[in-house]
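Each chain, written out:
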Amino acid sequence: MIRGAVALLGLLACFALPAPASADAFDDTHGALQKELVDYYAELGAWCVKKQLFLARDGLAETILTVDPDHAQARKWLKYRKDKDGTWTRRTPHKAPKDRKPKNLPAFEAQRKAFLDELRPRVIAAIRDAEPALSHARRSEAVDFWRPILGEDEALMALAGLTRHEGRWRSTDTVRSLQRRAAIRKAAEMAKANQPVIDKRDLPEAARAIDLPWKPSHGSKRVAVH
């Protein structure tokens with residue numbers, strides 16, 4: 001009786017255990033990376049304001065809104081106003097600002113590049129090493145988000161099954177097929193070029209003078225023997 005009760009409790013404990021980790025684990029990691037991007041871009045945007053790089057600041061704000069559409073500071077930089085119903089609107093047409101002190105642009109680019117160079121491998125690792133592994137559709141979705149931010153890095157694009165071929169990003173399977181076809185064509189051309197040539201030789205003059213017991217014929221056979 002006691003053993004039966006213990007077994008029943010064990011079975012119930014198994015049902016009470018949390019479900020195995022799913023793509024939610026990746027979502028948490030991905031969300032943390034996105035928040036890190038937003039926080040840094042907001043900080044860099046404030047630096048741009050001080051350096052009067054207003055166009056550069058707005059570019060950062062646009063990226064921030066792809067992660068956090070309700071980011072108040074980014075909306076303010078882009079001249080949005082929040083209506084009573086919670087929607088954001090701005091006067092149209094919107095006139096983009098200018099960078100009043102372009103001499104500060106190299107410093108801006110250097111700071112942004114340093115941050116993205118440090119972030120890129122962590123993003124790639126998060127997508128590549130997710131447990132359980134992400135579906136192709138989910139990996140492609142993540143790559144599509146980071147591609148305009150991190151650039152068309154080969155390791156990043158490979159996660160979406162893409163390879164650069166003749167100046168274009170193509171499916172890796174398609175590229176492999178094209179490469180196989182090219183290799184077959186090359187092998188065929190080499191075999192044709194190395195094909196032995198059979199020389200046609202005329203009979204020597206002395207052999208032609210020998211009286212043979214047959215003569216040429218124009219029938220179905222080239223030579224009729226007599």
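Bear in mind the structure is a predicted one, so any value in this text is a computation, not a measurement.

A. Expanded view of the environment of Asp 153. Relative to the elements of secondary structure, Asp 153 occurs in the loop between helix 6 (136–150) and helix 7 (154–158). By relative accessible area, Asp 153 is classed as partly exposed at 26%. For the pair Asp 153 and Ile 124, spaced 29 residues apart in sequence, the C-alpha to C-alpha distance is 9.6 Å.

B. Local environment of a positive patch on the surface. A cluster of basic residues, Lys 50, Lys 51, Lys 101 and Lys 103, forms a positive patch at the surface. If you trace the backbone, Lys 101 turns up in the loop between strand 2 (88–89) and helix 5 (105–128). Given a relative accessible area of 35%, Lys 101 falls into the partly exposed group.

C. Summary view of the side chain of Asp 58. Positionally, Asp 58 belongs in helix 3 (residues 54–67). According to the relative accessible area criterion, Asp 58 is buried, its value standing at 6%. Polar contacts involving the side chain of Asp 58 include one to the side chain of Arg 57, which spans 2.9 Å. Setting aside residues up to four positions removed in sequence, Asp 58 forms contacts with Trp 77, Leu 78, His 94 and Pro 97.

Here is what the cut-offs are and how they apply
Residues numbered from 1 in each chain as written. Predicted model: local features only at pLDDT ≥ 70, side-chain atom pairs only at ≥ 80, totals over all residues. Heavy atoms only, no water. Helix = DSSP H or I, 4+ residues; strand = E, 2+ residues; numbered from the N terminus. Buried < 20%, exposed > 50% of the residue type's maximum accessible area, 1.4 Å probe, protein only. Patch = residues over 30% accessible without salt bridge, like charges linked within 9 Å, V, L, I, M, F, W, Y side chains within 5 Å. Areas by Shrake-Rupley, 256 points an atom, 1.4 Å probe, with all protein chains shown as cover. Salt bridge = Lys/Arg side-chain N within 4 Å of Asp/Glu carboxyl O. Lys, Arg positive; Asp, Glu negative; His and termini not counted. Charge placed at Lys NZ, Arg CZ, Asp CG, Glu CD. Polar contact = N/O pair within 3.5 Å; in protein donor to acceptor, adjacent residues only side chain to side chain. Contact = heavy atoms within 4.5 Å.

So, to be careful, I would describe these as geometric facts and stop short of saying anything about function.
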